[in-house]
Amino acid sequence: MTKKKKVILITGASSGIGYDAAMILAGQGHKVYGAARRVELMDTLRDKGVIPVKMDVTDEQSMTDGVQTIVDAEGRIDVLINNAGYGYMGAVENVTIAEAKRQLEVNVFGLARLTQLVLPYMRAQKCGRIINTSSVAGKAVIPFGGWYNVSKYSVEALSDALRIEVKQFGIKVILIEPGGIKTDWGIIAADNLSASSMGTAYEDSGMKIARLLKYGYTSNLLSNPIRVAKAISRAANARCPKVRYRLGAGSGLIVTLHAILPARWWDGLMRLFFNYVHN
């Protein structure tokens, strides 16, 4: 048990990293509200003490009602974990602007709006934590990941600005930056890439990378999502949490190489890697 029970709101709690994190935090004695569009997927979490909240991060009224429900019941929100998100992969030329907007609506604007709704309560209590699930995709770009990369680069930028702005109110902002984590994300992204590439000039290369994604996300090469859930727990509980928690397969190497290599070398490395694994 932790020394102080916190009221925690976590989005994307119906599966994957969010589900595991909600389970861990509730097991530590916190009052956890798990938000998702499909609350029926959280019956097992309910059995562990997590309170399901129906919430769609693309719907203003849904978010407003969800936050108000928690505040009415608890009087406060101590930790907001912005975990909801998805990945749509495809060539920049192929991904429709409507799909690109939806990617940003879920991964960026939903995160930002929910943060806006929670901040007045955190400022009033002069403390709070906002934990944003980003990715190494917010540090390094790979082919066919353009719009997903845009969304995660945006989460990085917003979090960095927010951290400085709200420090004066006793609020901490923390980034979780996973690398390769074995969840359904990769399978869904691969299916999206196949669909967006079919019948286009990018079909051959797109299909190859989709197959690579499916191989990686069905193998034992990637890290277990419980590692990320535990990092979220540390960020929620630590007296002085890190600004960034970077973990998972390849996370350190990818970010380091992207930072030190000239742009053309990075581009060449990507081409060599993808050509090698496809042949």
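In what follows, the structure referred to is the one given above.
Residues numbered from 1 in each chain as written. Predicted model: local features only at pLDDT ≥ 70, side-chain atom pairs only at ≥ 80, totals over all residues. Heavy atoms only, no water.

Asks: Before we go on, may I ask you to explain the overall build of the chain in this structure?
Replies: Looking only at helices and strands, one finds ten helices and seven strands in the chain. Along the three orthogonal principal directions, the C-alpha set of the chain runs to about 55 × 40 × 35 Å. Per-residue burial over the chain gives 49% buried out of 279 residues. Within the chain, counting contacts between residues at least 6 apart in sequence, those at least 24 apart form 70% of the total. Surface exposure of the chain reaches about 13700 Å², of which carbon and sulfur atoms provide 57%. Of the charged side chains in the chain, 35 are positive and 23 negative, and the gap between their average positions amounts to 10 Å. (Helix = DSSP H or I, 4+ residues; strand = E, 2+ residues; numbered from the N terminus. Buried < 20%, exposed > 50% of the residue type's maximum accessible area, 1.4 Å probe, protein only. Contact = heavy atoms within 4.5 Å. Areas by Shrake-Rupley, 256 points an atom, 1.4 Å probe, with all protein chains shown as cover. Lys, Arg positive; Asp, Glu negative; His and termini not counted. Charge placed at Lys NZ, Arg CZ, Asp CG, Glu CD.)

Asks: So what exactly am I meant to see when it comes to the environment of Tyr88 here?
Replies: Of note, Tyr88 is situated in the loop between β4 (79–82) and α4 (97–125). Assessed through its relative accessible area of 17%, Tyr88 is described here as buried. A sequence separation of 14 residues divides Tyr88 from Arg102, and the C-alpha atoms of the two residues are 9.5 Å apart. Filtering out sequence-adjacent residues up to four positions away, Tyr88 remains in contact with Val95, Glu99, Gln103, Tyr148, Asn192 and Ser196.

Asks: Looking at this structure, how should I read the side chain of Asp78?
Replies: Mapped onto the elements of the fold, Asp78 is located in the loop between α3 (60–74) and β4. Polar contacts involving the side chain of Asp78 include one to the side chain of Arg76, which spans 2.8 Å. Excluding residues that lie within four positions of it along the chain, Asp78 makes contacts with Lys5, Lys6, Val7, Met122, Gln125, Gly128 and Arg129. (Polar contact = N/O pair within 3.5 Å; in protein donor to acceptor, adjacent residues only side chain to side chain.)

Asks: What is the right way to look at the nonpolar core in this model?
Replies: Nonpolar side chains in soluble globular proteins generally cluster together in the buried interior. Ile10, Val32, Ile81, Ile131, Ile176, Val228 and Ile232 are the most contacted members of the largest nonpolar core, which totals 29 residues. Those elements that place two or more of their residues in this core are β1 (7–11), α1 (16–27), β2 (31–36), β4, β6 (171–178), α8 (225–237) and β7 (244–247). Here this core gets seven residues from one element, more than from any other, and that element is α1. Setting aside residues no more than four positions away along its own chain, Ile81 makes contact with Ile8, Leu9, Ile10, Thr11, Leu25, Ile131 and Ile232. Counting residues in hydrophobic clusters, the runner-up holds 28 residues, among them Val67, Tyr88, Ala100 and Leu119. (Core = buried A, V, L, I, M, F, W, Y, C linked by side-chain atoms within 4.5 Å.)

Asks: Honestly, the sheet that holds β2 in this entry has me stumped. Any pointers?
Replies: Remark on secondary structure: sheet strands pair via backbone hydrogen bonds, oriented parallel or antiparallel. The parallel open sheet is built from seven strands, whose spatial order is β3-β2-β1-β4-β5-β6-β7. At either end of the open sheet lies a strand with only one pairing partner, and these are β3 (51–54) and β7. With strand direction ignored, the average angle separating the axes of adjacent strands in the sheet is 15°. The pairing of β6 with β7 spans four bridges and is parallel. Of the residues in β7, the one forming a bridge with Ile176 is Tyr245. Sitting on the sheet, α8 touches β4, β5 (128–133), β6 and β7, and the angle it makes with β5 is about 160°. (Pairing = 2+ DSSP bridges. Axes fitted to C-alpha atoms, helices over the stretch in contact; angles between N-to-C directions.)

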